[in-house]
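Chains, contacts and geometry: an overview
Listed below, chain by chain, are the residues.
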Amino acid sequence: TGINAEYGGTFDTHHRIGMVPGMLTPAALSGLPRVLSRIMATALLMLAAYKRLCRGMNRPEQRVKPGVRQAAEGAAAPPYGSGMCTDDFGWRSHLVPSTCPEEASHELAALVGLRAPLSPTEATEAVRRMLFELWPLKPASGEPYWSHADCTRIAASLAAEMAGSGWFQDEERASPRLRDWPTPAPPYVPTPLWIRVPQMIAYGMGSAVLSSVFHPRTIRTTTSTLRIYDSDPNRTSNPRQPAMVLVHGLFTTAVSMGLLGYLLSHSRRVLIMDLPDFDYGHSFATQGEGEDEGGSESEGGNAD
């Protein structure tokens with residue numbers, strides 16, 4: 001009824017129920033420019049906020065690193081290659097050399113998810129899995145890598161040293177116990193743009209709020225450029241209430257420690273670090289001379 005009155009009675013009873021035919025009347029379309037102008041104003045406001053709040057922010061990674069891609073290709077490669085270019089098939093030369101035989105046998109059994117004793121086929125598969133764990137890039141590098149005969153010889157070398165211990169047996173089993181080994185997937189999924197932009201604006205707003213409560217500073221070292229939020233740079237350390245440094249965890253920034261830092265700052269000096277190269281953070285790895293920006297000389301001395 002309100003819509004019908006607003007547009008001068010252009011909606012009849014049928015149109016009030018269906019709505020779509022009535023929306024196509026000239027009176028209804030007269031408000032379209034106003035709607036479009038509001039949409040444009042909102043888009044411009046979001047663009048301005050994006051540029052203002054996301055300045056200097058680490059953008060989320062959108063490409064798979066070469067090492068991760070090569071490891072995923074290696075997992076999809078054939079399990080056995082043409083063979084390693086060596087005549088030494090002792091287990092210490094190819095498996096973890098610092099471990100004792102008992103620990104190496106335990107690791108092999110854990111990789112196949114079986115209990116001792118392991119049959120020759122099970123031990124060979126366990127050796128292959130361990131070789132892939134140690135050198136995941138080898139199968140996709142184009143270089144020769146381990147063959148079935150190589151894994152069998154390495155497993156036999158360890159079994160010979162562990163003879164009589166109960167970890168290995170010489171006979172094959174009538175029914176196989178091996179299960180499929182899930183191939184590792186690349187630990188990366190690109191973030192869609194419609195999620196990435198609001199996340200950047202949200203983290204930017206959080207950083208702006210944190211900067212209004214704490215004193216943001218940028219400290220450059222020989223390996224990184226760090227953003228640090230200091231609650232009171234001029235406050236001297238108290239032995240009974242020493243300064244506290246808060247470090248955030250994975251998949252977040254210093255913004256996640258803001259509320260805790262604010263509550264603790266009433267009784268002591270609090271510094272919140274932005275770890276380098278985290279998505280949406282303001283710290284990044286670099287190479288350069290160490291210096292302190294964003295504060296006086298006394299603040300630089302307190303930071304040291």
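Everything numeric in this text was worked out from a predicted model, so none of it was measured.

Next up on the list: the overall build of the chain. Of regular secondary structure, the chain possesses 13 helices and six strands. At a minimum sequence separation of 6, the contacts of the chain that also span at least 24 residues come to 71%.

A word on helix α11 (residues 193-213). An ideal rise of 1.5 Å per residue puts 30 Å on 21 residues; α11 measures up with 30 Å between its terminal C-alpha atoms. Every buried residue belonging to α11 is among Arg-196, Met-200, Ile-201, Tyr-203, Gly-204, Gly-206, Ser-207 and Leu-210, and all of these are buried. Tucked into the core, α11 has its buried residues touching α5 (32-53), β2 (224-230), α12 (258-264) and β4 (270-274).

Scored by pLDDT, the chain has a mean of 79; 78% of the residues are at 70 or more. With pLDDT under 50 throughout, residues 13-19 is counted as low confidence; its partners more than four residues away or in other chains account for eight contacts. Segment residues 295-304 is flagged for pLDDT under 50; beyond a separation of four residues in sequence, or across chains, it makes 14 contacts in the model.

Quick look at the pairing of strand β3 (residues 244-247) now. In this structure, β3 lies alongside β4, joined through four bridges in parallel fashion. Directly across from Val-247, in β4, lies its bridge partner Met-273. Each parallel crossover has a hand, and for β3 linked through α12 to β4 it is right-handed.

Below, the discussion takes up a nonpolar patch on the surface. Together, Val-209, Val-213, Leu-259, Tyr-262 and Leu-263 make up an exposed nonpolar region whose accessible area comes to about 490 Å². Mapped by element, the contributors of at least two residues to the nonpolar patch are α11 and α12. No other element matches the three residues that α12 contributes to the nonpolar patch. Tracing the backbone shows Val-209 in helix α11.

Moving on, we get to the packing of aromatic side chains. Taken as a whole, this structure holds two aromatic pairs when the rule is applied. A ring pair is formed by Tyr-145 and Trp-146, whose centres lie 5.3 Å apart and whose planes are at 80°; its orientation type is edge-to-face. What makes Trp-146 buried here is its relative accessible area of 3%. Between Tyr-203 and Tyr-280, the ring centres sit 5.0 Å apart and the planes meet at 5°, which makes this aromatic pair stacked. On the criterion of sequence distance, the pair formed by Tyr-203 in helix α11 and Tyr-280 in the loop between β4 and β5 (284-285) is long-range, its members being 77 residues apart. You'll find Tyr-203 and Tyr-280 in the same group, each marked buried. The ring of Tyr-80 has Arg-128 lying over it, and the distance from NZ or CZ to the ring centre is 5.9 Å. The ring of Phe-89 has Arg-153 sitting right over it, with the charged end atom 4.9 Å from the ring centre.

All right, on to the nonpolar core then. Ranked by size, the top nonpolar core spans 27 residues in total, and within it Leu-95, Leu-108, Val-127, Ile-154 and Phe-168 carry the most contacts. Put simply, the parts of the chain that give this core at least two residues each are α8 (101-112), α9 (120-134) and α10 (148-161). Counting residues per element, this core draws most heavily on α9, which supplies six residues. With residues up to four places along the chain from it excluded, the contact list for Leu-95 reads Leu-108, Val-127, Met-130, Leu-131, Leu-134 and Ile-154. If you look at the next biggest cluster of nonpolar residues, it comprises eight residues, including Leu-210, Phe-214, Ala-254 and Met-257.

Let us now look at the pairing of β2. With seven of seven residues buried, β2 is to be regarded as a mostly interior element. Of the two faces of β2, the one lined by Ser-224, Leu-226, Ile-228 and Asp-230 and the one lined by Thr-225, Arg-227 and Tyr-229 are each fully buried. Where strand β1 (residues 215-220) and β2 come together, six bridges link them in antiparallel fashion. Each residue of the ladder has a partner; that of Ile-219, found in β2, is Leu-226. Bridge count between β2 and β5: two bridges; the pairing is antiparallel. Within β5, the residue paired with Ser-224 across the bridge is Ala-285.

It is worth spelling out the side chain of Ser-147 at this point. Within the secondary structure layout, Ser-147 lies in the loop between α9 and α10. You can call Ser-147 buried: its relative accessible area is 11%.

Relative to the helices and strands, Gly-113 resides in the loop between α8 and α9. For Gly-113, a relative accessible area of 63% translates into the label exposed. Residues Gly-113 and Trp-181, spaced 68 residues apart in sequence, show a C-alpha to C-alpha distance of 9.7 Å.

About the cut-offs
- Residues numbered from 1 in each chain as written.
- Predicted model: local features only at pLDDT ≥ 70, side-chain atom pairs only at ≥ 80, totals over all residues.
- Heavy atoms only, no water.
- Helix = DSSP H or I, 4+ residues; strand = E, 2+ residues; numbered from the N terminus.
- Contact = heavy atoms within 4.5 Å.
- Expected span 1.5 Å × (residues − 1).
- Buried < 20%, exposed > 50% of the residue type's maximum accessible area, 1.4 Å probe, protein only.
- pLDDT = per-residue confidence, 0-100.
- Pairing = 2+ DSSP bridges.
- Right-handed = clockwise from strand over helix to strand, strands pointing away.
- Patch = residues over 30% accessible without salt bridge, like charges linked within 9 Å, V, L, I, M, F, W, Y side chains within 5 Å.
- Areas by Shrake-Rupley, 256 points an atom, 1.4 Å probe, with all protein chains shown as cover.
- Salt bridge = Lys/Arg side-chain N within 4 Å of Asp/Glu carboxyl O.
- Phe/Tyr/Trp six-rings, centres within 6.5 Å; stacked < 30°, edge-to-face > 60°.
- Lys NZ or Arg CZ within 6 Å of the ring centre and 35° of its normal.
- Core = buried A, V, L, I, M, F, W, Y, C linked by side-chain atoms within 4.5 Å.

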